[in-house]
Amino acid sequence: MLSDNKDGCCSTHLIDGDGGFNVAGVDNFMKEVKLAECGLSYAVVSIMGPQSSGKSTLLNHLFRTNFREMDAYKGRSQTTKGIWMARCVGIEPCTIVMDLEGTDGRERGEDDTAFEKQSALFALAVSDIVLINMWCHDIGREQAANKPLLKTVFQVMMRLFSPRKTTLMFVIRDKTRTPLENLEPVLREDIQKIWDSVPKPQAHKETPLSEFFNVEVVALSSYEEKEEQFNEQVASLRQRFFHSIAPGGLAGDRRGVVPASGFSFSAQQIWKVIKENKDLDLPAHKVMVATVRCEEIANEKYASFTTNEEWCQLEEAVHSHSVRGFGRKLSSILDTCLSEYDAEATFFEEGVRSSKRKQLEEKLLQLVQPAYQSMLGHIRSDTFERFKEAFDKALKGGKGFALAAHECTESFISRFDEECTDAIIDQAKWDSSRVRDKLRRDVDAHIAEVRSAKLAEVTSLYETKLNEALAGPVEALLDGASDDTWPAIRKLLQRETDTAISGFAAALSGFEMDEESRDNMILRLKDYARGVVEAKTKEEAGRVLIRMKDRFSTLFSHDQDSMPRVWTGKEDIRAITKTARSASLKLLSVMAAVRLDDEGDNIDKTLSLALVDGKAGASSARSITSVDPLASSTWNEVPPSKTLITPVQCKSLWRQFQTETEYVVSQAIAAQEASKRNNNWLPPPWAIAAMVILGFNEFMTLLRNPLYLGVIFVAYLLFKALWVQLDISGEFRNGVLPGVLSLSTKLLPTVMNLLRKLAEEGQGVASGETQRNPAVASKSFRGSSSTNDNGDVSTSATSEVTSENGTEYSSSSLHDKMQ
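Residues numbered from 1 in each chain as written. Predicted model: local features only at pLDDT ≥ 70, side-chain atom pairs only at ≥ 80, totals over all residues. Heavy atoms only, no water.

- The protein chain goes by Protein ROOT HAIR DEFECTIVE 3 homolog in an unreviewed UniProt entry, where it is assigned to Nicotiana tabacum.
- What the UniProt record of the protein chain gives under Subcellular location (unreviewed entry) is the line "Endoplasmic reticulum membrane".
- What UniProt records for the protein chain under Function (unreviewed entry) is the sentence "Probable GTP-binding protein that may be involved in cell development." (UniProt positions renumbered as here; feature names shortened; annotations may be inferred.)

Printed below as a string of structure tokens:
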């Protein structure tokens, strides 16, 4: 509990009469007087002495506290129970005074001295200055009250391991006329005797009193009889408590001070140990207090850091993007947190303080490490993306691949290192090499990916060029198969391959490839070129039958001028067929195998002997030898991998080819026979001889009478004109009946047309004769027969109507010719 604190002393009941420690009261007391902020700049003063010896009165006057004082009018009784604590008002540094319960009280009895010893030990353990209040008239007495008290003090002091250096101030109350100079030696002598008589541990057998205590002696006049003098002496004594912990002060050489922030916990633990009647190891206790308090301080600073607004904002930002100045900002926050810890824990035991600080630092770094890793991740990803953009731009700008890769890699790895330096946390010794290695792997993987893509692009480009340069020409060369086909293909392949390899090698030079890889890629390009030729040849070989038929049809149906043949009956169909089939066979032999290695073979000769040249004698030869050169699945001197059409397949294809081309040959022969029949109108020679013999008389008759010849000639001309106009030979090509029906419908109109033209021509001749000179007119008909003018005119007109080739002329053209 706290008493009235209007005067600022904040008196608090520290330990009650039953030995209970007022934890809540002490904590509240520390908050009220702000003790935790004092560090080591505070002092603890306690007072002990016989009951009713005026201890509380002395403290109230000396330190301006408000401890409860004994009422003399009510008689002597126990005023202070347990231990009370208050703040000395107006004294610097902060001084805490404890008022102990009086010794030798009748309330506890003669034999109950346990609490006295416990409170005395507690006072020695926590106090820098111990006031021993005693009566002046007891000095020099052997069995006076001060002897048991001093024995108690010295005995319990032995229970402290490494005791504090405590100032014992003996306050002699109600000083008589005996001067202090005479009283002090007697008192010191009594104190030394008591010290010498107190049993001590082996380690302190020879230890002098001054090692543990500074002994001070003061004397005060009687408060009741000489109050004014008492107050003056108290005021003078009060001055000695100002700056008591400074060098030369009352407690200037104290040892093992607990920092003010740990006072409450330290006092509580000391009392607990004393209550359990155990020896008190002050060094160990100091370490324990330091451990607990430093851990509390560290936990407080850790909790404060987790709620720090600047850290929370930084943590939230770094999870989404890179933060400029991340390392500097976070280092500053951590440094502030650790500095606050150092400030609060600076007075605790160094080893413990450092250990807890290290633990706090490790916890803080463990807390911020994910943010640091996120920052490195953002730096890595951002650097990688910028690298890809710069690398792509460099390649598009025409820079060599290897040079661009090297420059971009070095540039952006350096940038990564710079940004990682900006993200470094001063308190951590973290290494960013793993993230750097990952960035390096990502960069190398991207370069390798782009390199593969670019190489594939370059390879595809030159493969496309080779395909365009080889496929079409190879197809054309194979289509015009001859003995020079494969040499031409090899020459074409060599020329195009050399051109492609020259450009391809130049393109590869920018990649800084090792010699072996470069040679392998060039070799693959060469193989691709050969593959194009082989694939095209294989493709064409799959259509060889169609090619053979097309070639046969072209050669068979067209002459040397590429004009379509007209089968008039004069062509040698057998020779033409043989030539066309030989050319088709040449196509088959060219496509039977791939010949890119310029190795000789007998395919052409074998096919020629087996299918064309040796066909006549093949049956007899096979009957004798029983060996068919095409009865095999391989060609001699040609590996199976180069074989496109096996001998057996050639034989089958040739048989199918002959079957499918026989119809064309037969059609040509039929057309030739029909042409012969259409163009041969003469009777057989025997018929002509018979007609000459049997018609001799009629022939002589015609010679005797030339008029018959004119009539026959005119009739011939008319028949010839009708033949041409009606196209009788053409009409009968479709059959006799259709020809007769067609001629029957066309005969009468054609005859009428001829007669009309003759009439028109006659009129034109008559009108012309009237206008011309008779001499000219007679001259124009001089070439005609003179015996019959009408017949001559008629004959001339008729002969000029039609010509032998069946061309019809108009009357005007006939008139021009006559002129």
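1. Brief notes about the packing of helix α9 (residues 309-318) against helix α10 (residues 326-345)
- It is at 10 Å that the axes of α9 and α10 come closest, and there the two elements cross at 150 degrees. Taken together, α9 and α10 sit at an angle that is classed as roughly antiparallel. Between α9 and α10 lies a crossing of left-handed hand. Residues Glu-310, Trp-311, Leu-314 and Val-318 of α9 touch α10, and the partners they reach there are Phe-326, Lys-329, Leu-330 and Ile-333.
- Here the residues of the contact of α9 with α10 are counted per class, giving 6 nonpolar, no polar and 2 charged. (Axes fitted to C-alpha atoms, helices over the stretch in contact; angles between N-to-C directions. Helix = DSSP H or I, 4+ residues; strand = E, 2+ residues; numbered from the N terminus. Parallel < 35°, antiparallel > 145°, perpendicular 65-115°, else oblique. Left-handed = near helix turned anticlockwise from the far one by under 90°. Contact = heavy atoms within 4.5 Å. Nonpolar A, V, L, I, M, F, W, Y, C, P; charged D, E, K, R; others polar.)

2. Looking at helix α16 (residues 544-557)
- Taking 1.5 Å of rise per residue, 14 residues should cover 20 Å, and α16 covers 19 Å from first to last C-alpha, within 8% of that figure.
- For α16, every residue scored as buried is listed here: Val-544, Leu-545, Arg-547, Met-548, Arg-551, Phe-552 and Phe-556. What you see down the axis of α16 is that its buried residues fit within an arc of 160 degrees, all on one side. (Expected span 1.5 Å × (residues − 1). Buried < 20%, exposed > 50% of the residue type's maximum accessible area, 1.4 Å probe, protein only. Arc of directions from axis to C-beta.)

3. Focus: the pairing of strand β8 (residues 213-219)
- Extensive coverage of β8 is indicated by the burial of 6 of its 7 residues.
- Alignment of strand β7 (residues 166-173) against β8, held across 7 bridges, turns out to be parallel. Directly across from Met-169, in β8, lies its bridge partner Glu-216.
- Regarding the hand of the β-α-β motif, the stretch spanning β7, helix α5 (residues 180-197) and β8 is right-handed. (Pairing = 2+ DSSP bridges. Right-handed = clockwise from strand over helix to strand, strands pointing away.)

4. Some words on the pairing of strand β4 (residues 94-100)
- Counting buried positions along β4 gives 7 out of 7 residues, so the element sits mostly inside the fold.
- Pairing geometry for strand β2 (residues 42-48) and β4, over 6 bridges, is parallel. Within β4, the position partnered with Ala-43 by the bridge is Thr-95.
- Examined bridge by bridge, strand β3 (residues 83-87) and β4 share 5 bridges and lie antiparallel to one another. Residue pairing across strands places Ala-86 opposite Val-97, the latter belonging to β4.
- As consecutive antiparallel partners, β3 and β4 are separated by 6 residues, and within that stretch Gly-90 has a phi angle of approximately 85 degrees, a positive value.

5. Digging into the UniProt feature "transmembrane region" (unreviewed entry) in the protein chain
- Here, the residues flagged by UniProt with the feature "transmembrane region" (unreviewed entry) are residues 707-724.
- In residues 707-724, the share of helix is 100% and the share of strand is 0%. The end C-alpha atoms are 26 Å apart.

6. Focus: the layout of surface pockets
- In this structure, the second largest pocket encloses a volume near 430 Å³.
- What lines the second largest pocket is a set of 21 residues, among which Met-30, Ala-36, Ser-261, Arg-293 and Glu-296 lie closest to the centre.
- Mapped onto the lining of the second largest pocket, the elements with two or more residues apiece are α1 (23-33), α7 (263-275), α8 (282-306) and α10.
- The leading source of residues in the lining of the second largest pocket is α1, at 4 residues. (1 Å grid on protein atoms, 1.4 Å probe; cavity = no way out; pocket = protein on both sides within 12 Å on 5 of 7 lines; lining within 4 Å. Points joined across faces, edges and corners; volume = space filled by probe spheres on them.)

7. Quick notes on the packing of aromatic side chains
- Within this structure, the stated rule accounts for 18 aromatic pairs.
- With 6.2 Å between their ring centres and 80 degrees between their planes, Phe-387 and Phe-412 make a pair best called edge-to-face. With a gap of 25 residues between them, Phe-387 in helix α11 (residues 350-396) and Phe-412 in helix α12 (residues 401-423) connect regions that are remote in the sequence. An identical accessibility class is assigned to Phe-387 and Phe-412; each is buried.
- Pairing Phe-552 with Phe-657 gives two aromatic rings, centres 5.6 Å apart and planes at 90 degrees, and the pair type is edge-to-face. Note that Phe-552 is positioned in helix α16 and Phe-657 in helix α20 (residues 647-679), a separation of 105 residues in sequence.
- Three or more aromatic residues joined by ring pairs form one cluster here, namely Phe-387, Phe-391, Phe-401, Phe-412 and Phe-511.
- One cation-aromatic arrangement involves Lys-363 over Tyr-302; the distance from NZ or CZ to the ring centre is 4.4 Å.
- The positively charged end of Lys-465 is found above the aromatic ring belonging to Tyr-462, 4.8 Å away from the centroid. (Phe/Tyr/Trp six-rings, centres within 6.5 Å; stacked < 30°, edge-to-face > 60°. Lys NZ or Arg CZ within 6 Å of the ring centre and 35° of its normal.)

8. Here's the deal with empty space enclosed by the protein
- All told, the structure shown has 2 cavities of 30 Å³ or more when counted by the stated rule.
- Considered as a void within the structure, the second largest cavity measures approximately 30 Å³ in volume.
- What lines the second largest cavity is simply Met-48, Leu-100, Glu-101, Thr-103, Glu-116, Ser-119, Ala-120, Leu-149 and Thr-152.
- When residues in the lining of the second largest cavity are grouped by element, the largest group, 3 residues, is from helix α3 (residues 114-126).
- Broken down by class, the residue content of the lining of the second largest cavity amounts to 4 nonpolar, 3 polar and 2 charged.

9. Re the sheet that holds β4
- The sheet built from 7 strands is open, its strands ordered β1-β3-β4-β2-β5-β7-β8 with mixed pairing. One side of each edge strand has no neighbouring strand; the edge strands of this open sheet are β1 (12-15) and β8. When the angles between neighbouring strand axes are averaged without regard to direction, this sheet yields 25 degrees.
- Of the strands in this sheet, β2, β4, β5 (129-135) and β7 touch helix α2 (residues 55-63), which is tilted by about 165 degrees from β4.

10. So, the UniProt feature "binding site: GTP" (unreviewed entry) in the protein chain
- Mapped onto this structure's residue numbering, the UniProt feature "binding site: GTP" (unreviewed entry) falls at Gly-49, Pro-50, Gln-51, Ser-52, Ser-53, Gly-54, Lys-55 and Ser-56.
- Of note, Gly-49 is situated in the loop between β2 and α2.
- By relative accessible area, which is 0% here, Gly-49 ends up buried.
- Beyond its immediate sequence surroundings of up to four residues, Gly-49 is in contact with Lys-55, Gly-102, Thr-103, Asn-133 and Leu-149.
- Note that Pro-50 resides in the loop between β2 and α2.

11. A short note on the environment of Glu-534
- Take Glu-534: it is sitting in helix α15 (residues 515-542).
- Note: C-alpha distance between Glu-534 and Arg-595 (61 residues apart in sequence) is 9.2 Å.
- Leave out the neighbours within four places in its chain, and Glu-534 touches Val-594, Leu-596 and Lys-642.
- Polar contacts involving the side chain of Glu-534 include one to the side chain of Lys-642, which spans 3.2 Å. (Polar contact = N/O pair within 3.5 Å; in protein donor to acceptor, adjacent residues only side chain to side chain.)

12. Quick look at a nonpolar patch on the surface
- A contiguous nonpolar patch, built from Ile-688, Val-692, Ile-693 and Leu-694 and spanning about 430 Å² of accessible area, is present on the exposed surface.
- Here Ile-688 shows up in helix α21 (residues 685-694). (Patch = residues over 30% accessible without salt bridge, like charges linked within 9 Å, V, L, I, M, F, W, Y side chains within 5 Å. Areas by Shrake-Rupley, 256 points an atom, 1.4 Å probe, with all protein chains shown as cover. Salt bridge = Lys/Arg side-chain N within 4 Å of Asp/Glu carboxyl O.)

13. Some words on the side chain of Thr-750
- The residue Thr-750 is located in helix α25 (residues 736-771) in this model.
- Once residues within four sequence positions are removed from consideration, Thr-750 is found in contact with Leu-722, Gln-725 and Leu-726.

14. What about the nonpolar core?
- If you look at the biggest cluster of nonpolar residues, it comprises 172 residues, and the most contacted ones within it are Phe-122, Phe-154, Phe-213 and Phe-326.
- Broken down by element, this core gets its largest block of residues, 15 residues, from α11.
- Core analysis: the second largest hydrophobic core is formed by 25 residues, Val-97, Val-171, Phe-230 and Phe-241 among them. (Core = buried A, V, L, I, M, F, W, Y, C linked by side-chain atoms within 4.5 Å.)

15. Side note on helix α17 (residues 573-590)
- In a regular helix each residue adds 1.5 Å, so 18 residues correspond to 26 Å; α17 covers 26 Å between its end C-alpha atoms and thus fits that length.
- Of all 18 residues that make up α17, 13 are buried, and the element is covered over most of its length.

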